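# Observations on the three-dimensional arrangement
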Amino acid sequence: NEIKVFCPATIANISCGFDVLGVALDNVGDEMVVKKTSKKGITITKIEGQNLPLETHKNVAGVAGLALLSASDYEGGFEIEIYKKIKAGSGIGSSAASSTGAVCAMNKLLGEPFSNLELVQFAMKGEELASGVQHADNVAPAIYGGFTLVRSYSPLDIIKINTPKKLYATVIHPQIEIKTSDSRKILKTTISLADGIKQWGNVGGLIAGLYTEDYDLISRSLEDHIIEPIRSILIPAFDNVKSASLNAGALGCGISGSGPSIYALSKGKETAEKVAQAMQNVYNKVGIPYDTHVSTVN
Ligand code: HSE
């Protein structure tokens, strides 16, 4: 009647796939303890690590959980304890970790009546509360694991993508907070055909590279001609961090989700750690505090 779950951090967009591509980090994330109760509804009893609202309707885990409850014939409710390790507004899917942790734990406790696709739909309600938009590119990898593609939002169609074994992610988080809603407001709502051609060429290339485990193709495809030029202005020393990571051997580097975290993908743990060091050197030089993570992505 009680379960403890790991709620992974996620990198959304992966440069070329704005709102459609994402990947889960294996060893960066929150923990959540969920208990079945006879009392109806969702009660958040404890949040450690971040200052977030306990009120069910104001908390992404609460809202996602209520979406699941209203689709279920279960008569009771749940109590949730959240142990946050992912900082809100860091760009590695803090809200998605809470939303997906809640719905995955509840689904388990109910005997798994819902499919992964349905869990994504419930968790998207949490994302809407956090950012104003029901984007699925963080919640999908958090639920399915590895890389995922949102092939379509309407109807929702999620594809789990092969994850090459030697792929590692490095994430550096300069200690500023950027709200997803703010970093979406600055985006243009139209793109040129020429930019579209580059972007969908890269999305196709990245998917092909992930399936064939062709690291050079993955590397060539990790480009973003549309979002990165606009959002990178908000991120301290972005260009320097990016070029340092590429010089250290990263396959590619870009903004993690809506930022400010910067991610890089590398072949092998050793390179991923070198990349972390190179990124840290940039921030050490300019005196910007940061957190870094190196993680597998299966
Ligand atoms: N695709 C979303 C965005 C991810 O870039 O706004 C937010 O984590």
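The rules behind each value
- The written sequence of each chain sets the order in which its residues are numbered from 1.
- This being a predicted model, a pLDDT of at least 70 is required before a residue's local features are given, and a value of 80 or more before pairs of side-chain atoms are given or counted; all residues contribute to the totals for chains, interfaces and linings.
- UniProt positions are given in the numbering used here, feature names are shortened, and annotations may be inferred rather than shown by experiment.
- Secondary structure follows DSSP: runs of H or I at least 4 residues long count as helices, runs of E at least 2 residues long count as strands, and numbering of each begins at the N terminus.
- A pair of strands is considered paired only if DSSP assigns at least 2 bridges between the two.
- Each axis is a line fitted through C-alpha atoms, and for a helix only the stretch in contact is used; angles between axes span 0 to 180 degrees, taken between their N-to-C directions.
- Once C-beta atoms have been placed from the backbone, residue pairs whose C-beta atoms lie within 7 Å are recorded as contacts.

Under an unreviewed UniProt entry, the name given to the protein chain is Homoserine kinase, and the source organism is Cellulophaga geojensis KL-A. For the protein chain, the Sequence similarities (unreviewed entry) comment in UniProt is given as "Belongs to the GHMP kinase family. Homoserine kinase subfamily."

## Quick word on unusual backbone geometry
Here the amide bond leading from serine 154 into proline 155 is cis, since omega sits at 0°, within 30 degrees of zero. With respect to the helices and strands, the residue proline 155 is situated in the loop between strand S5 (147-153) and strand S6 (156-161). Cis geometry is adopted by the peptide bond preceding proline 260, which originates at glycine 259 and carries an omega value of 5°. Locating proline 260 in the fold gives a position in the loop between strand S8 (252-255) and strand S9 (262-267). The phi dihedral of glutamate 112 is positive, around 55°, even though this residue is not glycine. Among the secondary structure elements, glutamate 112 is positioned in the loop between helix H2 (94-109) and helix H3 (116-131).

## Focus on the UniProt feature "domain: GHMP kinase C-terminal" (unreviewed entry) in the protein chain
UniProt records the feature "domain: GHMP kinase C-terminal" (unreviewed entry) for residues 207-284 in the present numbering. In the segment residues 207-284, helix accounts for 55% and strand for 13%; the C-alpha atoms at its two ends are 35 Å apart.

## Some details on the sheet that holds strand S7 (residues 167-174)
Ordered by their spatial adjacency, four strands build an open sheet running S8-S9-S7-S10, and the pairing between neighbours is antiparallel. Whereas interior strands pair on both sides, the edge strands pair on one side only; in this sheet they are S8 and strand S10 (290-296). Going from strand to strand, the sheet's axes swing by 20° on average, the running direction of each strand aside. Bridging between S7 and S9 involves six bridges; their strand directions are antiparallel. Looking across to S9, one finds that tyrosine 168 is bridged to serine 266. Running at roughly 5° to S9, helix H9 (residues 238-247) makes contact with S7, S8 and S9 of the sheet.

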